[in-house]
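# Structural features, examined
Residues per chain, in single letters:
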Amino acid sequence: MLSRDDVFEKLKGYLEDMFEVPPEKVTPEARLFEDLDLDSIDAVDLVVKLQELTGRKFKPEEFKSVRTVGDVLDRVQDLLAA
């Protein structure tokens, strides 16, 4: 199973490749919309990439409360553990 660190490294790569977010800005405390300048379309694209990474289908509502990179990691870990 993917560790939290594995998911974090992949997420950092996705944010850099897909949205040109500098890797040093990607911290667990970083807010997706305010700090990393993602919008709702970007968030959907990111969920699609996370689905590919994990091989799991996520419901969009499972990510509605996500605000920070750490929240994304928590959700992915919860879904992988389920």
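Above this note sits the structure.
In what follows, the accompanying structure is described.

What counts and what doesn't
Residues numbered from 1 in each chain as written. Predicted model: local features only at pLDDT ≥ 70, side-chain atom pairs only at ≥ 80, totals over all residues. Heavy atoms only, no water. Helix = DSSP H or I, 4+ residues; strand = E, 2+ residues; numbered from the N terminus. Rg over C-alpha atoms; globule rule 2.2 N^0.38 Å. Buried < 20%, exposed > 50% of the residue type's maximum accessible area, 1.4 Å probe, protein only. Contact = heavy atoms within 4.5 Å. Salt bridge = Lys/Arg side-chain N within 4 Å of Asp/Glu carboxyl O. Phe/Tyr/Trp six-rings, centres within 6.5 Å; stacked < 30°, edge-to-face > 60°. Expected span 1.5 Å × (residues − 1).

### A short note on the overall build of the chain
Counting its regular elements, the chain contains 3 helices and 0 strands. Shown N-terminal to C-terminal, the secondary structure of the chain runs as helices and strands in the order α-α-α. At 11 Å, the chain has a C-alpha radius of gyration in line with the 12 Å of a compact globule built from 82 residues. When its C-alpha atoms are laid out on the principal axes, the chain stretches across 30 × 25 × 20 Å. Buried residues in the chain amount to 39% of all 82 residues. Across the chain, every contact between residues at least 6 apart in sequence was considered, and the portion connecting residues at least 24 apart equals 57%.

### Some thoughts on the pattern of salt bridges
Going through the model one piece at a time under the given rule, you end up with 5 salt bridges. Close ionic contact of E9 with K12 constitutes a salt bridge, the shortest N to O distance being 3.8 Å. With E9 and K12 both in helix 1 (residues 4-19) and 3 residues apart, this pair spans about one turn of that helix. The partly exposed category is assigned to E9, whose relative accessible area is 48%. As a salt-bridge pair, D35 and R31 come within 3.0 Å of each other at their nearest N and O atoms. By relative accessible area, D35 is classed as partly exposed at 28%. For R31, a relative accessible area of 39% puts it in the partly exposed group.

### Let's talk about the packing of aromatic side chains
The full count for this structure, using the stated rule, is 1 aromatic pair. Between F58 and F63 the ring centres are 5.3 Å apart and the planes differ by 45°, which places this aromatic pair in the tilted class.

### What about the environment of D5?
Along the chain, D5 turns up in helix 1. Considering only alpha carbons, one finds D5 and L73, 68 residues apart in sequence, at a separation of 8.8 Å.

### Comments concerning helix 3 (residues 69-81)
Between its first and last C-alpha atoms helix 3 spans 18 Å; for 13 residues at 1.5 Å apiece the expected length is 18 Å, and the two agree. Restricting attention to buried positions, one finds in helix 3 the residues V69, G70, V72, L73, V76, Q77, L79 and L80. Contacts made by the buried residues of helix 3 are with helix 1 and helix 2 (40-54).

### Considerations on the side chain of T68
Along the chain, T68 turns up in the loop between helix 2 and helix 3. Sequence-distant contacts of T68, defined by excluding residues within four places in its chain, comprise P28, E29, A30, R31 and L32.

In short, geometric facts, not functional conclusions.
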